[in-house]
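A look at the structure
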Amino acid sequence: RLVIYNSFAGLDSHAQFGFQRSPHAVIPNGLNLGAYAPRPDQRRAVRDDWYIGETPWIGMITRYHPRKGIPEFLHAVRQLRGAGIEAKFFLAGSGMQADNTALSGLLDELDLRQAVTLLGEIDDVPRFLNGVDLVVIASAREGTPNILLEAMACGVCTVATAVGDVARILSDPGRVVRPGDVGDLAGKIAAALADPADPAERVAAERALPQKEYDIGQCVAAYQHHYEALVNG
């Protein structure tokens, strides 16, 4: 009776391989914008937890998976370090710990063992985001990356590959990267770090999109609307 997609990219990809069913709706994943919000007072405490000073802190928050672009990110880190960019780097999420032998081996191969901190799973993502300077999404494939919206809602600068709904969500083309292009990824991370624009203006503009289209209350209301329409038939 009804097909619900949680991304516009999902709707488009299904149509392209011939799955067309009407009626349908797109209801993106919702965010609790009360939890995901800028909290400048938390920055110092988060960074103290991980012994980070005021050096830019850059990384990925995702699960360990071949489609998440982790090798591309690490190759970009190597390029950034080679170019003399002063920053600290991290990988956080399921599988992002030292006992992951494949990941540890890649860090050793790229001589990044001391440059990239493996944090594992983060218990309190909104708090953690408020201590981070830049979040990278390097995926080869996504729908609507939740971490992109979560970072934007917390006021964190983002650089992301042009997959799924990313280009629709992240309006600045200077921070949208060609998937798999390590040079483009490294260049846009460096440009984001050097951007002289007022960060308060970026934070206000980027938080406006989650408030307008991705608030959890709007998501719940949309599901309720469609389910009631089906029941009332």
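Here's a quick rundown of the structure. (Residues numbered from 1 in each chain as written. Predicted model: local features only at pLDDT ≥ 70, side-chain atom pairs only at ≥ 80, totals over all residues. Heavy atoms only, no water.)

**Structural notes on the state of the cysteines**
- By the definition in use, this model includes zero disulfides.
- We note that Cys-154 lacks a disulfide partner, and the nearest cysteine sulfur, in Cys-157, lies 14 Å from it.
- A relative accessible area of 4% means that Cys-154 is categorised as buried.
- Its relative accessible area of 11% is what places Cys-157 among the buried residues. (Disulfide = S-S within 2.5 Å. Buried < 20%, exposed > 50% of the residue type's maximum accessible area, 1.4 Å probe, protein only.)

**Quick look at helix α9 (residues 199–213)**
- Between its first and last C-alpha, α9 extends 22 Å over 15 residues, near the 21 Å set by a 1.5 Å rise per residue.
- Every buried residue belonging to α9 is among Val-203, Glu-206, Arg-207, Leu-209 and Pro-210, and all of these are buried. For α9, the angular spread of buried residues about the axis comes to 140 degrees, placing them on one side. Looking at α9, the residues exposed on the side facing more than 90 degrees away from the buried face are Glu-201, Ala-204, Ala-205 and Lys-212.
- On its buried side, α9 packs onto α6 (146–153), α7 (166–169) and α10 (216–232). (Helix = DSSP H or I, 4+ residues; strand = E, 2+ residues; numbered from the N terminus. Expected span 1.5 Å × (residues − 1). Arc of directions from axis to C-beta. Contact = heavy atoms within 4.5 Å.)

**Comments concerning the sheet that holds strand β4 (residues 88–92)**
- With parallel pairing, the six strands of this open sheet are ordered in space as β5-β4-β3-β6-β7-β8. Edge positions in the sheet fall to β5 (116–120) and β8 (176–177), since each has one partner strand and no second. (Pairing = 2+ DSSP bridges.)

**Re the packing of aromatic side chains**
- Going through the model one piece at a time under the given rule, you end up with four aromatic pairs.
- Judged by centre distance (5.4 Å) and plane angle (70 degrees), the rings of Trp-57 and Phe-128 are edge-to-face. Highlighted residues: Trp-57 in strand β3 (residues 57–61) and Phe-128 in helix α5 (residues 125–129), separated in sequence by 71 residues.
- Judged by its relative accessible area of 4%, Phe-128 falls in the buried class.
- Judged by centre distance (5.8 Å) and plane angle (50 degrees), the ring pair of Tyr-223 and Tyr-227 falls under tilted. Within this pair, Tyr-223 and its partner Tyr-227 are both found in helix α10, separated by four residues, close to a single helical turn.
- For Tyr-223, a relative accessible area of 27% puts it in the partly exposed group.
- Among the residues examined, Tyr-227 registers a relative accessible area of 46% and is labelled partly exposed.
- Three or more aromatic residues joined by ring pairs make a cluster, and in this case those are Trp-57, Phe-90 and Phe-128. (Phe/Tyr/Trp six-rings, centres within 6.5 Å; stacked < 30°, edge-to-face > 60°.)

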